[in-house]
Each structure stands twice: as C-alpha cells, then as structure tokens.
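One-letter residues, chain by chain:
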Amino acid sequence: MQKPSLPSGTRDFAPQVLKRRQAIMRVLEQVFLSHGFDPIETPALENLKTLQGKYGDEGDQLLFRILNSGDFMGKAPEELRSDSKALSSHISDRGLRYDLTVPLARFVVMNRGQLTFPFKRYQMQPVWRADRPQKGRYREFWQCDIDIVGADSVLCEAELVEMYLESFAKLGLGVQVRINHRGLLDALLPALGSKSAWNEFMISIDKADKIGRDGVSQDLINREMGHAVPVWEWLCEAQDLDSFEAKLEAFEDRKIYEVEDANAQSVEQGKTACEKAIHDLKLLKSLLPDQASVVLDLTLARGLSYYTGAVFEVSADDARLPADFRLGSIGGGGRYDNLTGAFGLADVPGVGVSFGLDRIYDTMEAAGLFAEDSQAIAGVLLCPMDEESFALATQASRDLRAAGIPSEVYTSAAKLKKQLDYANNRGYALVGIIGDQERAEQCIMLKNLQTGQQEKIGMQQLIAQVKGVLGV
RNA sequence: GCGGUUAUAGCUCAGUUGGUUAGAGCAUCAGCUUGUGGCGCUGAGGGUCGCCGGUUCGAGCCCGGUUAAUCGCCCCA
C-alpha cells in the first residue's frame, strides 16, 4: 500500500479553511469591482520563453518546468546530456506561472486590439515557485493582483494604495503600507559609485528590519563597501524623521546625488530621478486619505529588478497578533514603466499591487479573526425515517430551497441519532423529521436544535414557520 | 543550494537508565435507548514505532545511513 502524501509546499484546503479563504476573496473582489476593475484569468501553464528572463537569475531557478511529452531525450543534443542546466532548455518548453504580472503583460500584448485602455484588471489565481517551503512560504500559493495598464499618472498609485487600505479595513486586519520610490534610491547611485555597488547596497538595506542598522553597516563593510556606510547612515537619519513630508524635504535639501568626483551624466540622472520621485510622492501623499498607516520607508528596496517608480509593501500591524509573529509582507507592488517591452510593445506603463492570499489568511488566523465566525447553517436538514418518507422529505427540501432557505435531505434513512449528530456537526439550526406519523398527517416534525423544542408543522405552514424561527 | 530540529493509531501526543503482549485523549463504529442530538457509561476496530542497516541475549529507545516534514539562511506573497 502506498502512503498518501502531498508534494512539498502544497496544501489541501478542507471546507472550513476554504470557506474562509473564499470569504477573503469575496471581500477583495467586491473592492476591485467597485473601483472599476475587470477580471481575467490566464492558464497555469505558460511557454517557458514567456517566463524566462523576467525575474532575474534567481527567479529563473525558481520556475517549475514541465517536461516535454514524447521522446524528449531523443531530440536533445547528445553533448548536453551530462549538463542538466543546458539540457533543461531542450527538454522543457513550458512552465508554471511564477506570478500574475508577466502573464498580464503577455495578455495585454496579445489582446491589445480588443482592450480599452487604460486597462484595469484584477486576477485571483494560484502561482508556483520551486522555493524551499517554510513558514508563510508555499510552493503553490494564491495571488490577488490589481493592475492598471496604460496610464502613468500618480492617480493610479493613489487608487491602488487606497484599495489596500480599504480592503484590509474590510477584512478587519490592521496593516501598515510602506511606500518608497525607485527615484530616491537611484539618486544614491553617484555616491555609491557603480551600478553593481548600487545593487549590492539594495540587497543589504532590504535586510535592515531583520539584522538592524548596525547589521547593515557591518554587512556593507563585509561586502567591501565601506564607502557606502555614510550613505546608509544618512539614509537612516532621514528615515528617523517623523513624517512623510519631512523625509522628502531631507532629500530635497541634501541633494544626495551631488558627488564631487562622480561623472556629470550620472549626477544629472540622479537629480532627475530624485526630483521626479519627490514630486510623485508628494502628489501621491496628498491624494491619500489621511492615514497614519501609510509611511514612507526609505529602506524599502524590494523587487527593484523590474519596478521603475513607486514601490509598495504591506505588512500586518495588528495588536491582536502574538508579539513574535513574523511572516514577511502580505502584499506588494509598484510601477513598471515598460511592462510589455519584453513582448515587443514599447511605452506601455503599468502599476499594480498584489494581495498574498495565503499570508493574509495565516495572519488573520494568528490574530484570532476567525475565532468567532460560526460555521452554522441557517437552514433545515430533513431526516427521513424510512424509505417511504423520501418523497415527502425531498418535496419539503425543494420547497424550502425555492423559498431561499438552505436545505438538504439526509443521505439515507439512518437512525435518528445518527442524523441528528450529522445536523449538529454541520451546524444546522433546524431539522425536519419525517416518518410514518408525519406521512399520515402530511406534516413535518420541525425541531429546533438549539432549544430542543419541536412541533408538527403542516406542509403549507412550513416555510413561514421556518422563516420565523430563522428570522429571515 | 546550505544549516538546525523532528518522525510512535485517522488527529494531538505519552512511552522511565535498552527488558514480557507499545499506551492515553480526541475521532470512528456498536450497544445502553425499535423515532429524538449535544452529556454520560460500556465495548470494538485501528500501529511493520518513517525506511534500510548496525550494536546487543534483547532496540520505539543507542549508532550509521536514507527519506519526509518543519524552522532558519538566500530570495520572496
């Protein structure tokens, strides 16, 4: 016998869990629709060519590849058979999608003739990453993405951030939305000296909340980037200012991009990027509802390989969470000005954010937000005592459903105890018992499982009686 | 890709310095109660102690390997 098992990092969702996940998705969907977003879905499988090269080297390694059908080895060049990395591109042409943004880009390019721009779409589907699973990290997980394609105004960023706030408020989860801008970080380039130093700097400062500020300084020294430590220290100083506006003013005053021995072109680019960022962020802030939960986080450096403007990250900030609860971000996104460039359609700007359904669920559960939701069914379970009662039970159940009341007939004429146990376990408020007595009188013994009271109700009065008890 | 921890019934876990036939709670099923539940009582079924090997008179327990899960690093939702 084979022991049943699940691939690492995947999960089954039992009814209780799935109902809650679906409830979360319904809340999000309602927000998305109310802001004028339309749904799309794309296939789980994409051509590997579509996916590769979009997520950096590390992302490419995390792609799930699908082995070609048929004699795939026979078609692979002989000399590559010992080199699994080179071989993989010959034996695999498809892979599972890694996120929803790249499929969106492909979709937009392929359907550009039919779409109305700006195109606002939402998409809630699973994605797959061949990552090592751990707490809050799965190999199959759901993203709920909203993107605006073909519009470059900060109005878009403001709407998306507002949708974050709106959604999490409706879910009842306290969050903090952190915002940064690629331009502010680009302004550091002259001081850091080179693009590769800039990249390493970003990797390092992104760890600040984990290893601390001194940890980052030490990390920079370890990376032989001692010259970057003053930049980091200045950034921390700015970060300590208490308002969104004050941090921006610090950038305005300091002109961090002005470095004496840097080349003029680099300084000029830094200046342009910085001024654009300051302008965008000021405007963005002015458009947002006045919320303490939106902060400018100068150390936020996520996913900069493809973002070109504002970047966002959402983390849980809820007093009901255990003090040691840490799960990384539950949402993130940003602006990418050349979304569709890789597919041959230039100059299509886009901005989008993602809701990490699985982490939102895990966080809400840890905060105890599901503790009180009852799984009760405000409906009626019909309990036939014998086969002769099936017809009356079926008819009663049908009538109840037609009146908008959930109802089912128990699956057999089992012992009453067993049927009542089922009703209790499922959380039914009412049961309707039907046996020979009820059949003779064309009525139902309607029993309230909370109070234990029961009375015979004629078929004509059943709906009204049930509605009265359930209060609907 | 790298490191730590764990692995005993469907689930959560006990299991003493290695010593008869491996236990509990929950869950399931049956009975107490021919058509009245939640509680209770009685009973039943359910285990190759992850897998392979070693040490020993004797291994769930000690040792080696292996697989899987889990936590952390990298990266990310």
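Here, residues in each chain are numbered from 1, in the same order as that chain's written sequence. All chains are assigned letters beginning at A, and all ligands numbers beginning at 1, according to the order in which they are written. This being a predicted model, a pLDDT of at least 70 is required before a residue's local features are given, and a value of 80 or more before pairs of side-chain atoms are given or counted; all residues contribute to the totals for chains, interfaces and linings. Values shown for side chains rest on all heavy atoms present in the structure; no hydrogens or waters enter the calculation.

## Looking at the overall build of chain A
Then, number 1: Each helix is a run of DSSP H or I of at least 4 residues and each strand a run of E of at least 2, with the numbering of both proceeding from the N terminus. Per the secondary structure count, chain A includes 19 helices and 16 strands.
Then, number 2: Over its C-alpha trace chain A gives a radius of gyration of 29 Å, far above what one expects of a compact globule, namely 23 Å for 472 residues.
Then, number 3: Counting only C-alpha atoms, chain A reaches 100 × 65 × 45 Å along its principal axes.
Then, number 4: The burial tally for chain A puts 48% of its 472 residues in the buried class.
Then, number 5: Every residue pair with non-hydrogen atoms within 4.5 Å of one another is taken to be in contact. Considering only contacts in chain A between residues 6 or more positions apart, those separated by 24 or more positions represent 69%.
Then, number 6: Residue burial considers only the protein chains on display, and all accessible areas are found by Shrake-Rupley using a 1.4 Å probe. Per element, the accessible surface of chain A, about 23,800 Å² overall, is 49% carbon and sulfur.
Then, number 7: Of the charged side chains in chain A, 53 are positive and 67 negative; the average position of the first set lies 6 Å away from that of the second. Radius of gyration: over C-alpha atoms. The globule rule applied is 2.2 Å multiplied by the number of residues raised to the 0.38 power. Buried, partly exposed and exposed residues are distinguished by accessible area as a fraction of the type maximum, computed with a 1.4 Å probe on protein chains only: under 20%, between the cut-offs, and over 50%, respectively. Charge assignment: positive for Lys and Arg, negative for Asp and Glu; neither His nor the chain ends contribute. Throughout, a charge is located at the NZ atom of Lys, the CZ atom of Arg, the CG atom of Asp or the CD atom of Glu.

## Points about the pattern of salt bridges
Then, number 1: Think of a salt bridge as a Lys or Arg side-chain nitrogen and an Asp or Glu carboxyl oxygen that are within 4 Å of each other. By the definition in use, this model includes 24 salt bridges.
Then, number 2: Of the charged contacts, one joins aspartate 131 and arginine 137 as a salt bridge, the two residues approaching to 3.4 Å between their closest N and O atoms.
Then, number 3: Arginine 137 sits in the partly exposed class, given a relative accessible area of 30%.
Then, number 4: Between aspartate 240 and arginine 213 there is a salt bridge, with its nearest N and O atoms 3.0 Å apart. In this pair, aspartate 240 is assigned in helix α12 (residues 229-240) and arginine 213 in helix α11 (residues 208-222), connecting sequence segments 27 residues apart.
Then, number 5: On the basis of relative accessibility, which here comes to 34%, the residue arginine 213 falls in the partly exposed class.
Then, number 6: Linked by salt bridges that have partners in common, Glu200, Lys207, Asp219 and Arg223 make up one network.

## A few points about the sheet that holds strand β8 (residues 294-296)
Then, number 1: At least two DSSP bridges between two strands are required for those strands to pair. Across the sheet, 8 strands lie side by side as β1-β5-β6-β11-β10-β9-β7-β8; this open sheet has mixed pairing. Sheet topology places β1 (38-39) and β8 at the edges, where each strand pairs with a single neighbour.
Then, number 2: Here β1 pairs with strand β5 (residues 119-128) via 2 bridges, running parallel. Within β5, the position partnered with proline 39 by the bridge is tyrosine 122.
Then, number 3: Think of each axis as a best-fit line through the C-alpha atoms, taken over the contacting stretch in the case of a helix, with angles from 0 to 180 degrees between the N-to-C directions. The strands that helix α15 (residues 357-366) touches are β6 (140-149), β9 (310-316) and β11 (350-356); relative to β11, the one it contacts most, it runs at about 40°.

## Re the sheet that holds strand β13 (residues 407-409)
Then, number 1: The strand order across the open sheet built from 5 strands is β13-β12-β14-β15-β16, with neighbouring strands paired in mixed fashion. The open sheet has two edge strands with one neighbour each: β13 and β16 (454-458). Going across the sheet, the axis of each strand differs from the next one's by a mean of 25°, ignoring polarity.
Then, number 2: Sheet topology note: the strand β12 (residues 377-384)/β13 ladder contains 3 bridges and is parallel. Within β13, the position partnered with valine 380 by the bridge is serine 407.
Then, number 3: Contacts between helix α17 (residues 416-426) and the sheet are confined to β12, β13 and β14 (428-434), with β12 contributing the most and set at about 170° to the helix.
Then, number 4: Sheet strands touched by helix α19 (residues 462-470): β12, β14, β15 (443-448) and β16. Its angle to β15, the strand with the most contacts, is close to 5°.

## A short note on the packing of aromatic side chains
Then, number 1: In this scheme Phe, Tyr and Trp rings, the latter by its six-membered ring, pair at centre separations within 6.5 Å, and the angle between planes marks the pair as stacked below 30 degrees, edge-to-face above 60, and tilted otherwise. For the structure on display, the rule yields 11 aromatic pairs.
Then, number 2: Consider the ring centre and the ring normal. A charge sits over the ring if Lys NZ or Arg CZ is within 6 Å of that centre and within 35 degrees of that normal. Here the guanidinium or amino end of arginine 11 rests over the ring plane of tyrosine 138, the centre of that ring lying 3.5 Å away.
Then, number 3: A cation over a ring is seen here: lysine 195 above tryptophan 198, with NZ or CZ 4.2 Å from the ring centre.

## Some words on the side chain of aspartate 60
Then, number 1: Summarising the element assignment, aspartate 60 is placed in helix α3 (residues 56-61).
Then, number 2: In this structure, aspartate 60 is buried with no salt-bridge partner, the nearest side chain bearing the opposite charge being arginine 65 at 6.0 Å.
Then, number 3: A polar atom in the side chain of aspartate 60 sits 3.1 Å from the backbone nitrogen of glycine 53.
Then, number 4: Not counting residues up to four positions away in its chain, the partners in contact with aspartate 60 are Leu51, Gln52, Gly53, Lys54 and Arg65. The definition of a polar contact used here is a pair of N or O atoms within 3.5 Å, where within protein one atom must be able to donate a hydrogen and the other to accept one, and adjacent residues in sequence count solely through side-chain atom pairs.

## Structural notes on the domain arrangement of chain A
Then, number 1: An automatic or database domain assignment provides the domain bounds reported here. Split by domain assignment, chain A resolves into domain 1 (15-63 + 98-366) and domain 2 (377-470).
Then, number 2: A straight line from the C-alpha centre of domain 1 to that of domain 2 covers 53 Å.

## Quick word on a nonpolar patch on the surface
Then, number 1: Together, Leu155, Leu283 and Leu287 make up an exposed nonpolar region whose accessible area comes to about 250 Å².
Then, number 2: Looking at the secondary structure, you find leucine 287 in helix α14 (residues 264-287). Nonpolar side chains (Val, Leu, Ile, Met, Phe, Trp, Tyr) within 5 Å and like charges within 9 Å form the patches, drawn only from residues with over 30% relative accessible area and no salt bridge.

## Let's talk about α11
Then, number 1: Residue count minus one, scaled by 1.5 Å, sets the expected span of a helix. Between the first and last C-alpha of α11 there are merely 15 Å, a value that for 15 residues lags more than 12% behind the 21 Å anticipated at 1.5 Å per step.
Then, number 2: Bend angle per residue: angle between axes fitted to the 7 residues ending at that residue and the 7 residues starting there. The sharpest bend along α11 measures roughly 75° and falls at aspartate 214.
Then, number 3: Among the residues trailing α11, glutamate 224 stands out with phi positive, at a value near 55°.

## Section: the nonpolar core
Across soluble globular proteins, nonpolar side chains have a tendency to be buried as a group.
Then, number 1: Note on terminology: a nonpolar core comprises buried Ala, Val, Leu, Ile, Met, Phe, Trp, Tyr and Cys residues joined through side-chain atoms within 4.5 Å. Of all hydrophobic cores here, the largest spans 82 residues; its most connected members are Phe32, Phe168, Ile179, Phe201 and Phe355.
Then, number 2: In terms of residue count, the dominant contributor to this core is helix α7 (residues 154-171) (10 residues).
Then, number 3: Contact partners of phenylalanine 32, with chain neighbours within four places excluded, come to Phe37, Tyr122, Met124, Cys144, Ile146, Met163 and Phe355.
Then, number 4: In this structure, Leu400, Ala429, Leu430 and Leu470 belong to the second largest nonpolar core, which totals 17 residues.

## A look at the pairing of strand β7 (residues 175-181)
Then, number 1: Among the 7 residues in β7, 6 count as buried, and that is most of the element.
Then, number 2: Sheet topology places β7 next to β9; 7 bridges connect them, and they run antiparallel. Along β9, the bridge assignment pairs isoleucine 179 with phenylalanine 312.
Then, number 3: Taken together, the 3 bridges between β7 and β8 define a ladder with parallel strand orientation. Counted as the bridge partner of arginine 178 is valine 295 from β8.

## Remarks on the pairing of β9
Then, number 1: Here β9 lies mainly inside the structure; 6 of its 7 residues are buried.
Then, number 2: As judged from the 4 bridges shared by β9 and strand β10 (residues 331-336), these two strands associate in the antiparallel manner. The residue bridging valine 311 from the neighbouring strand is glycine 334, located in β10.

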